[in-house]
Amino acid sequence: MSEEVPRLERLRSVRQWLVWQLRRTDQSIAELERQEAAAARTARTLPPPEPEWKLSMLRAGGKPSPDAVHTSDCHMAGKPTKQLTREQALRALTEDGITACPYCRPDTDLGVL
């Protein structure tokens, strides 16, 4: 019977160590899940791509009126601008009669002659 006591104590020590290891493993899994969830949230919240064209506006008589179509990186557009999609920029140049900026030439990028 004296041999069983040391063996029982050893088994209890091994069990305690295994419980400790299991707790550490669970903590590691939980931390990795939090990191993956944060990465997924970051990936979903990226800002939408900036439109490629913008419309500069003139303030004539207190009312803004369209001036010219520009590419998004043109610095000649000034402050009051409106972002345009490709379709809106094409419509502004072809149907609405708004001029293209002579510096950035958005009509060339859009294929308007």
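Residues numbered from 1 in each chain as written. Predicted model: local features only at pLDDT ≥ 70, side-chain atom pairs only at ≥ 80, totals over all residues. Heavy atoms only, no water.

> Hey, could you go over the overall build of the protein chain for me, with residue numbers and the actual values?
Scanning the protein chain from N- to C-terminus turns up 3 helices and 4 strands. Going from the N terminus to the C terminus, the protein chain shows its helices and strands as α-β-β-β-α-β-α. At 33 Å, the protein chain has a C-alpha radius of gyration far larger than the 13 Å of a compact globule built from 113 residues. Expressed as lengths along the three principal axes of its C-alpha atoms, the size of the protein chain is roughly 105 × 35 × 20 Å. Residues counted as buried form 19% of the 113 residues belonging to the protein chain. Residue pairs in contact within the protein chain that sit at least 24 positions apart in sequence constitute 48% of those at least 6 positions apart. (Helix = DSSP H or I, 4+ residues; strand = E, 2+ residues; numbered from the N terminus. Rg over C-alpha atoms; globule rule 2.2 N^0.38 Å. Buried < 20%, exposed > 50% of the residue type's maximum accessible area, 1.4 Å probe, protein only. Contact = heavy atoms within 4.5 Å.)

> Lay out the sheet that holds strand β1 (residues 53–60) with the relevant residues and their values.
Strand order in the open sheet formed by 4 strands is β3-β1-β2-β4, and the pairing between neighbours is mixed. Only two strands of the sheet have a single neighbouring strand rather than two, namely β3 (81–84) and β4 (99–100). Pairing geometry for β1 and strand β2 (residues 63–71), over 8 bridges, is antiparallel. Across the sheet, residue S56 finds its bridge partner in β2, namely A68. Each of β1, β2, β3 and β4 touches helix α2 (residues 86–94); the most contacted strand, β3, lies at about 115 degrees to it. (Pairing = 2+ DSSP bridges. Axes fitted to C-alpha atoms, helices over the stretch in contact; angles between N-to-C directions.)

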